[in-house]
Amino acid sequence: MKKVLITLMLLLSCSIFGQMYNPVKWTTTVEKISDKEYILKAQATIQSGWHLYGQYIEEGGPSPTAFTFKNTQKKIELIGKTTEDKGHETVDKIFDMKIKYFEEKAVFAQKIKFTSDEIVNIAAEVEFMVCDDSNCLPPSSEELSFKIPNAKKLASAEGTPDLNTDTISIAKTVAVPKEKENKVNINPIKKNESRGLISIFIIAFLSGFAALLTPCVFPMIPMTVSYFTKQSKTKADGIRNALIYGFSIVIIYVLLGSIVTAVFGADSLNALSTNVWFNLIFFILLVVFACSFLGAFEIMLPHSLANKVDSQADRGGLIGIFFMALALAIVSFSCTGPIVGTLLVEAASKGGIAPIVGMLGFSIAIALPFSLFAAFPGWLNALPKSGGWLNTVKVVLGFLELALAFKFLSNADLVLQLHWLEREVFLTIWIAVFGVLAFYLFGKITLPHDSPLNHISVGRLTFGLLVLSFTIYLIPGLFGAPLKLISGFPPPMHYSESPDGFGGSKSSDETKVVLPEGAELGPQNIITFHDYNKGMEFAKKARKPVLLDFTGYACVNCRKMEELVWSDSKVLGVLKNDLVLISLYVDDKKELPENEQYVSETTGKKIKTIGNKWSDLQIKTYKANAQPFYVIVDHNSANLAEPSAYNPDIGNYYNWLNSGIKNFKK
């Protein structure tokens, strides 16, 4: 406990006082092939929780890792392209493309050949970008040196920045905020890995509870508990045997999760989850499972396997109880198999021990009633009788499986950019699926294994109304509504037939906006400046405070803030009416004029691009280098409120904006 408290204190102190991030360390090695040929290897050691992007990313995505080798003229020849480790691949919902990244470690290798007798050390420069779940750092570069065995001399610095050139102060370009306001307290919100595992456990537990209410499992509860209580000599023996039975169920499913993780590996499963063929195959499987749940056919394991396991259950003792639990898993496979399969794929996409955690949650939900009812057999009388309602649960699960299936088909379509399953088509399918489910719950549609329905229970009616309400909620999405409740499931807004909304045209209010000089319409059609000085000049004329938005084209969480927080009506009203927004893109690659380039006093690096300049301003003034990063300042560039990092809490962000505006008016 003491160690945990110390760790928490250290994390808190780091969060408050240390906002400069440097999560990647580079080391170099050289492997000799022959007297003239060598392999240059650069290894990136990446801090836990951060990831480094690969070299080959399409235009419009995050900045890729790129190597520039010096001294190549007349001295060495590059053989082939720079290779990289396998890494991970995922379909990023913000950039709408497949992106490769590395965690913990990445090794890049370049084969070279010396074209002269002079063997020299090699200098190189690597440009890279890293992100974690809450922050994206601006693209950074680092000089690398490869020491060749028996080199005659060190490589000259061809192509390296001239660090002796006169430094041009950033103050000539922008007004730097007052130094007295530099002491800031930033607390970026980090996603806790354990929180992700807890959410998987909860979802799996609820899925296990749903499986418990199917015709394959629910009738087994009173039968199995009665067997243990009658066959045991004492009540204590019955409770003990039922507890062992429940524990055996947990072991079986956790063992299944462990096998999946061990055989395929977390990395392989994570890569599979974004593979086109895997998504297509899983779409087909889910459709088959859904048809089975809806009553088209039953999915059963071979009877011979069930008979062999059942015969082992007659042996008695601990082994017999274990095989009874295994028999339950096999017999109930037609109901639990589709749910278990879905859980394993979803959990495996998270990587690590998620499949094991998922199976733990699922199995506990299955095993819990057997143990509880064995301890308190009188509770069995309170259980509802088996009947048609069990098949209703199974059918509802079938509709949910069918809806989920199209998510996997959508993943494949997004990767291939076929535009066959655009946002409107996807939502139309979901509206149809959940609409038919609502009619089924209201008794207007019957399926093969349904019992005659003389009346609708209050529970079924209530659930039917919820499904109908959800169906109606989806309809405005066809006309451009964001549908934040299901954010992440349908394709993104821009992957649609009408990216600008129904009709494909902007509203009349938007067309009437007269933009100030140097401004443009930014996210949520907010008037935005990308030049610090022009934005400050306009703010003075408008007599409004300024919101500095340190952002990036490749910043995922910047887009999340713009789409989920800035879109809120209260926040949007403040951003449009009460503040002047200056968005400074730290990954802007446009080069500064020669006379405006300088060497940073803080980092010692050559500032060559507009993005470098804004990044240097953020580092020098606010001692922070992560995006998004928001600062509210007055016309003298003094802070009006503590800067804010990624903050998806709409109410908290709204209050923060208002606090800065209130201080400006004092």
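Scroll up for the structure.
## Brief notes about the overall build of the protein
Here is step 1: Scanning the protein from terminus to terminus reveals 19 helices and 18 strands.
Here is step 2: In the protein, buried positions account for 46% of the 666 residues.
Here is step 3: Partitioning the contacts of the protein with sequence separation of at least 6, the portion at a separation of at least 24 is 73%.
Here is step 4: Total accessible area on the protein stands at roughly 33500 Å², and carbon and sulfur atoms take up 60% of it.

## Considerations on the sheet that holds strand 9 (residues 122-128)
Here is step 1: Spatial ordering of the open sheet is given by 4-9-11, a layout of three strands whose pairing is antiparallel. Each edge of the open sheet is held by one strand with a lone partner, namely strand 4 (66-69) and strand 11 (140-146). Each strand of the sheet is rotated relative to its neighbour by a mean of 25°, with strand direction disregarded.
Here is step 2: Here strand 4 pairs with strand 9 via four bridges, running antiparallel.

## Focus on the environment of Val 396
Here is step 1: Position of Val 396 relative to the elements: it lies in helix 11 (residues 388-416).
Here is step 2: Take Val 396: its relative accessible area is 11%, and that puts it in the buried class.
Here is step 3: Put simply, Val 396 and Phe 434 are 38 residues apart on the chain and 9.8 Å apart in space, counted from C-alpha to C-alpha.

## Some words on the packing of aromatic side chains
Here is step 1: Following the criterion strictly, the structure yields 22 aromatic pairs and no others.
Here is step 2: When the centroid spacing of 6.0 Å and the interplanar angle of 85° are considered together, the rings of Trp 26 and Phe 67 count as edge-to-face. With a gap of 41 residues between them, Trp 26 in strand 1 (residues 24-32) and Phe 67 in strand 4 connect regions that are remote in the sequence. This pair shows no difference in class: Trp 26 is buried, exactly as Phe 67 is.
Here is step 3: Ring geometry for Phe 550 and Tyr 622: centres 6.0 Å apart, planes at 65°, overall edge-to-face.

## Section: helix 15 (residues 532-542)
Three- or four-residue spacings in an α-helix give side chains the same orientation, since the helix completes a turn every 3.6 residues.
Here is step 1: All of the buried residues in helix 15 are Tyr 532, Gly 535, Met 536 and Ala 539. One side of helix 15 carries all its buried residues, which in axial view fall inside an arc of 95°.
Here is step 2: Packed against the buried residues of helix 15 are strand 13 (527-529), strand 14 (546-551), strand 15 (580-585) and helix 18 (610-622).
Here is step 3: Where helix 15 begins, the side chain of Asp 531 points an oxygen toward the backbone nitrogen of Asn 533, at a separation of 3.1 Å.
Here is step 4: Arg 543 lies just past helix 15 and shows a positive phi near 55°.

## A look at the sheet that holds strand 1
Here is step 1: Strands sit in the order 1-2-8-5 across an open sheet of four strands; the sheet is antiparallel. If you trace the sheet from one side to the other, it starts and ends with strand 1 and strand 5 (76-84), each paired once. Taken pair by pair, the neighbouring strands of this sheet meet at an average axis angle of 20°, ignoring direction.
Here is step 2: In terms of strand pairing, strand 2 (residues 37-46) meets strand 8 (residues 105-114) through nine bridges, oriented antiparallel. Residue pairing across strands places Ile 39 opposite Lys 111, the latter belonging to strand 8.

## Notes on the packing of helix 12 (residues 423-441) against helix 13 (residues 458-474)
Here is step 1: Two numbers describe how helix 12 lies on helix 13: the axes approach to 9 Å, and their chain directions differ by 160°. Classified by the angle between their axes, helix 12 and helix 13 sit roughly antiparallel to one another. In the crossing of helix 12 with helix 13, the sense of the turn from one axis to the other is left-handed. Between helix 12, through Leu 427, Trp 430, Ile 431, Phe 434, Gly 435, Leu 437, Ala 438, Tyr 440 and Leu 441, and helix 13, the contact on the second element is made entirely by Arg 460, Phe 463, Gly 464, Val 467, Leu 468, Phe 470, Thr 471 and Leu 474.
Here is step 2: Partitioned by chemical class, the residues of the contact of helix 12 with helix 13 number 13 nonpolar, three polar and one charged.

## Some points on a nonpolar patch on the surface
Here is step 1: The grouping of Leu 453, Ile 456, Leu 461, Leu 465, Leu 468, Ile 472, Ile 475 and Phe 479 at the surface amounts to a nonpolar patch, some 650 Å² of accessible area in total.
Here is step 2: Note that Phe 479 resides in the loop between helix 13 and helix 14 (508-511).
Here is step 3: Exposure remark for Phe 479: the relative accessible area of 44% places this residue in the partly exposed category.

## A closer look at the pattern of salt bridges
Here is step 1: In total, this model carries five salt bridges according to the counting rule given.
Here is step 2: Two residues, Lys 100 and Glu 84, come together in a salt bridge whose shortest N-O distance is 3.1 Å. With Lys 100 in strand 7 (residues 97-103) and Glu 84 in strand 5, this pair connects stretches of sequence that are 16 residues apart. For the pair Lys 100 and Glu 84, a shared accessibility class is recorded, and that class is buried.
Here is step 3: We note a salt bridge from Lys 541 to Glu 537, for which the minimum N-O separation is 3.8 Å. Within this pair, Lys 541 and its partner Glu 537 are both found in helix 15, separated by four residues, close to a single helical turn.
Here is step 4: With relative accessibility at 47%, the residue Glu 537 sits in the partly exposed group.

About the cut-offs
- Residues numbered from 1 in each chain as written.
- Predicted model: local features only at pLDDT ≥ 70, side-chain atom pairs only at ≥ 80, totals over all residues.
- Heavy atoms only, no water.
- Helix = DSSP H or I, 4+ residues; strand = E, 2+ residues; numbered from the N terminus.
- Buried < 20%, exposed > 50% of the residue type's maximum accessible area, 1.4 Å probe, protein only.
- Contact = heavy atoms within 4.5 Å.
- Areas by Shrake-Rupley, 256 points an atom, 1.4 Å probe, with all protein chains shown as cover.
- Pairing = 2+ DSSP bridges.
- Axes fitted to C-alpha atoms, helices over the stretch in contact; angles between N-to-C directions.
- Phe/Tyr/Trp six-rings, centres within 6.5 Å; stacked < 30°, edge-to-face > 60°.
- Arc of directions from axis to C-beta.
- Polar contact = N/O pair within 3.5 Å; in protein donor to acceptor, adjacent residues only side chain to side chain.
- Parallel < 35°, antiparallel > 145°, perpendicular 65-115°, else oblique.
- Left-handed = near helix turned anticlockwise from the far one by under 90°.
- Nonpolar A, V, L, I, M, F, W, Y, C, P; charged D, E, K, R; others polar.
- Patch = residues over 30% accessible without salt bridge, like charges linked within 9 Å, V, L, I, M, F, W, Y side chains within 5 Å.
- Salt bridge = Lys/Arg side-chain N within 4 Å of Asp/Glu carboxyl O.

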